[in-house]
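The lines below spell out each chain.
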Amino acid sequence: MTRLSGYFLPTLKEAPADAEAVSHKLLVRAGMVRQLGAGMWTYLPAGWRVHRRVEEVIRGELDAIGAQELLIPVLQPAELWRQTGRYDIEELFKLKDRRGADLVLGMTHEEPLTHHVARDVRSYRDLPLKLYQFQTKERDEPRPRAGVLRTREFVMKDAYSFDRDAEGLERAYELHIGAYDRIFDRCGVEWYRVEADVGMMGGLGGHEYMAPCAAGENEVALSDAGYAANVEVASAAAQPVDGMPEPLDAPELVDTPGAATIAEVSGLLGAPPAALVKAMPMIVDGRGPVLCLLRGDHRLNEIKLGNVLGAPARAAREEEIRDAFGAPPGFIGPTDAKVELVADEALRGLRGLIAGANESDRHLRGVEAGRDFQPAWADIRTVEAGDTCPAGGPIRIEPAIEMGHIFKLGTRYSEPLGATYLAEDGEERLICMASYGIGPARVMAAAVEQYADDQGISWPRTIAPFDIELVRLGKGDQPAREVADRLYEELLETGLQVLYDDREASPGEKFADAELIGCPLRATVGKRSVEASEVEVQVRRGQEKSALALAGAAQELAERWRGLP
């Protein structure tokens, strides 16, 4: 029984002053969430209903592939994270109990679940296993933003598969891909499955499920040839360079007084930016200084670089540049370099390049890789719109929200935590693992971002807080009250989840709130509709209106709801 006169749904006319994302503005205005502190959000009753409906969709698809639900504590022994080498992650909340024991607040649950499996799985007969949970995660997020999109505390569905070998891992992974595809289809959001970086999770590879929208904090590279990848890991053939300078038999010095940027050197020498070598001094953890070389019109991708070098890298500081690279910024070049060189593949084969001469106010032209310097070659650049994907199509870049992330972990966690089993041949082997995450709040936000209009939220049918909102017009109008009350009971009997606006408020206020809350259908009963023995119906998405005879209206509304997206 959900009558708005007694329901905690504090709608607002204005959005928070700091809100930029549409989902941030509307979820607050619609009375679904409230901020407690930076990156900390409370879900009010209607917002929690949406969250739970997303959970229901996820739970149904995971149960269908044989996954089993459990629950693991948020509070975890720090020693497990030390064993896997993840204790030093900056975003991990760390604390001590009253006896001084080190603990962490889980940002994910690979460690504790693998710990349990290591102690309770003994034989090949115990495998495969698919386990999942909905649990609170804690993350010391340095820059909470966009409402519920990037927070310090959130609920995540995390699932884990445990298999005997790599073939079993692949089967489990494909089962979860099928389940994830159906989950996002059923939630009514637009999505892409894209190649992704494994990041702090480690392992053999992974995919992200992305919802395209302007508020997205990620970028995806897409092509009509079927290519889809997070820009963090996307690869593509670079666009050709027009107007390259003539190649020279040997590099020539040229004065470039005060020209320290790509644009300044390009303008001074009349060469396209792509003809310049962008030299980026980096410091690699455990490795020291490395000079990264790219085309002047390209950007370094630090995630790709870290994957290539096997360690994270950062830009060198001014004193490090002076000590390790021997030239001021803007004039560093690869010739006669005294540090390791890593060049992007897009530089390979280019002749007539212009590079820093390793002395102030001077550059070299006519430089060629392989002749004048010998780098290690790797794909370390960020793809650009217009590049050509591996399937031959032009790349376009779109912002997107990451809703889910799945990883092939292999033995990344089973090895340090001792998760083994006795195989049929009597040999002890490591368990092969994968993990699969979804953020229900991110699915909520993506749905708001993709389908909101000027009036408010427009929920997909399957995850709306209520299936239909019944609005009664008039104050103290006994016939309309009786008809609306009866229709409310009849709607409940159809199995629909109904929000009944029985408040003593003006029609304008009720309609504005209904549009803002965004239930898929709205039915309105007032004096005129009672006199005509009709109920007015509005489909929220597109705001198409029609009238239904009151007799049999509940069943007809249920049928219309089932046909909505």
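What comes next concerns the included structure. (Residues numbered from 1 in each chain as written. Predicted model: local features only at pLDDT ≥ 70, side-chain atom pairs only at ≥ 80, totals over all residues. Heavy atoms only, no water.)

## Observations regarding the packing of helix 2 (residues 45-64) against helix 10 (residues 440-451)
And step 1. It is at 9 Å that the axes of helix 2 and helix 10 come closest, and there the two elements cross at 110 degrees. The orientation of helix 2 relative to helix 10 falls into the category roughly perpendicular. Note that helix 2 runs across helix 10; the crossing there is right-handed. Facing Gly-47, Val-50, His-51, Val-54, Glu-55 and Ile-58 of helix 2, the residues of helix 10 in contact are Pro-440, Ala-441, Val-443 and Met-444.
And step 2. Among the residues forming the contact of helix 2 with helix 10, the class breakdown is seven nonpolar, two polar and one charged. (Axes fitted to C-alpha atoms, helices over the stretch in contact; angles between N-to-C directions. Helix = DSSP H or I, 4+ residues; strand = E, 2+ residues; numbered from the N terminus. Parallel < 35°, antiparallel > 145°, perpendicular 65-115°, else oblique. Left-handed = near helix turned anticlockwise from the far one by under 90°. Contact = heavy atoms within 4.5 Å. Nonpolar A, V, L, I, M, F, W, Y, C, P; charged D, E, K, R; others polar.)

## Regarding the sheet that holds strand 28 (residues 534-539)
And step 1. Reading across the sheet, the five strands line up as 26-25-27-28-29 and stay open at both edges, with mixed pairing between neighbours. At either end of the open sheet lies a strand with only one pairing partner, and these are strand 26 (498-501) and strand 29 (544-549). Ignoring strand direction, the axes of neighbouring strands in this sheet form an average angle of 20 degrees.
And step 2. Taken together, the four bridges between strand 25 (residues 468-472) and strand 26 define a ladder with parallel strand orientation. (Pairing = 2+ DSSP bridges.)

## Remarks on the pattern of salt bridges
And step 1. According to the stated counting rule, one finds 50 salt bridges in the structure shown.
And step 2. In this structure, Arg-53 and Asp-467 form a salt bridge, with 3.0 Å as the shortest nitrogen-oxygen distance. Linking Arg-53 in helix 2 with Asp-467 in the loop between helix 10 and strand 25, this pair joins segments that are 414 residues apart in sequence.
And step 3. Using a relative accessible area of 10% as the deciding quantity, one classes Arg-53 as buried. (Salt bridge = Lys/Arg side-chain N within 4 Å of Asp/Glu carboxyl O. Buried < 20%, exposed > 50% of the residue type's maximum accessible area, 1.4 Å probe, protein only.)

## A few points about the side chain of Asp-158
And step 1. Within the fold, Asp-158 resides in strand 8 (residues 153-163).
And step 2. Side-chain polar atoms of Asp-158 contact the side chain of Tyr-160, separated by 2.6 Å.
And step 3. Leaving out residues up to four positions away in the same chain, Asp-158 has contacts with His-109, Leu-131, Tyr-132, Gln-133, Lys-137, Tyr-436 and Gly-437. (Polar contact = N/O pair within 3.5 Å; in protein donor to acceptor, adjacent residues only side chain to side chain.)

## So, unusual backbone geometry
And step 1. In the segment running from Leu-127 into Pro-128, the intervening peptide bond is cis, with an omega of 5 degrees.
And step 2. Here Pro-128 shows up in the loop between helix 4 (110-120) and strand 7 (129-138).
And step 3. Of note in this structure, Asn-358 is not a glycine but carries a positive phi near 65 degrees.
And step 4. Here Asn-358 lies in the loop between strand 18 (353-356) and strand 19 (362-367).
And step 5. For Asn-358, a relative accessible area of 21% corresponds to the partly exposed category.
And step 6. Positioned with a positive phi, Ser-533 is a non-glycine residue whose angle comes to about 55 degrees.
And step 7. According to the relative accessible area criterion, Ser-533 is partly exposed, its value standing at 44%.

## Side note on helix 2
And step 1. Over its 20 residues, helix 2 extends 28 Å from the first C-alpha to the last, a length consistent with the 28 Å expected when each residue adds 1.5 Å.
And step 2. Just downstream of helix 2, Gly-66 is the residue with a positive phi angle, here 90 degrees. (Expected span 1.5 Å × (residues − 1).)

## Section: the environment of Val-265
And step 1. Here Val-265 lies in helix 6 (residues 262-269).
And step 2. With a relative accessible area of 1%, Val-265 lands in the buried category.
And step 3. Apart from the residues within four sequence positions on either side, Val-265 is in contact with Ala-259, Leu-276, Ile-354 and His-363.

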